[in-house]
Amino acid sequence: MFVFQEEEEEEEEDLDPLETMREKCAEIEHCVHTQARLEQCETRVNARSSTTEDCTEELFDFLHARDHCVSEK
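Summary of the structure given here. These figures come from a predicted structure and were not determined experimentally.

So, the pattern of salt bridges
Inspection of the entire model under this criterion finds six salt bridges. One salt-bridge network, held together by shared partners, links Glu 19, Arg 22, Arg 66 and Asp 67.

A few points about the side chain of Thr 34
Here Thr 34 lies in helix 3 (residues 29-46). Residues contacting Thr 34, with those up to four places away along its chain left out, are Glu 58, Asp 61, Phe 62 and Ala 65.

Observations concerning the state of the cysteines
Using the criterion set out here, one finds two disulfides in the structure. Cysteine pairing in the chain follows 1-4, 2-3, where each cysteine in a disulfide is numbered by its order in the sequence. The thiol sulfur of Cys 31 is not disulfide-bonded, and the nearest other cysteine sulfur, from Cys 69, lies at 5.7 Å. The buried category is assigned to Cys 31, whose relative accessible area is 0%.

Cut-off values and rules
- Residues numbered from 1 in each chain as written.
- Predicted model: local features only at pLDDT ≥ 70, side-chain atom pairs only at ≥ 80, totals over all residues.
- Heavy atoms only, no water.
- Salt bridge = Lys/Arg side-chain N within 4 Å of Asp/Glu carboxyl O.
- Helix = DSSP H or I, 4+ residues; strand = E, 2+ residues; numbered from the N terminus.
- Contact = heavy atoms within 4.5 Å.
- Disulfide = S-S within 2.5 Å.
- Buried < 20%, exposed > 50% of the residue type's maximum accessible area, 1.4 Å probe, protein only.

In short, the description is geometric, and any link to function would need to be established separately.
Encoded structure:
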């Protein structure tokens with residue numbers, strides 16, 4: 001039992017607070033919406049054999065929304 005408790009404490013120490021906050025912020029409504037748009041774009045682009053479209057705008061929108069949430073916390 002004691003060994004298990006030590007392992008849990010080590011895992012908690014290894015967690016990056018920034019990554020933890022990013023994960024939480026990715027779950028808010030605006031971030032979920034922008035992530036869905038990114039995934040739709042990726043699906044559309046990957047379905048084509050040749051396209052000049054990329055998903056840079058959608059990626060930046062998602063990252064901006066998530067990082068804006070993180071900066072408020």
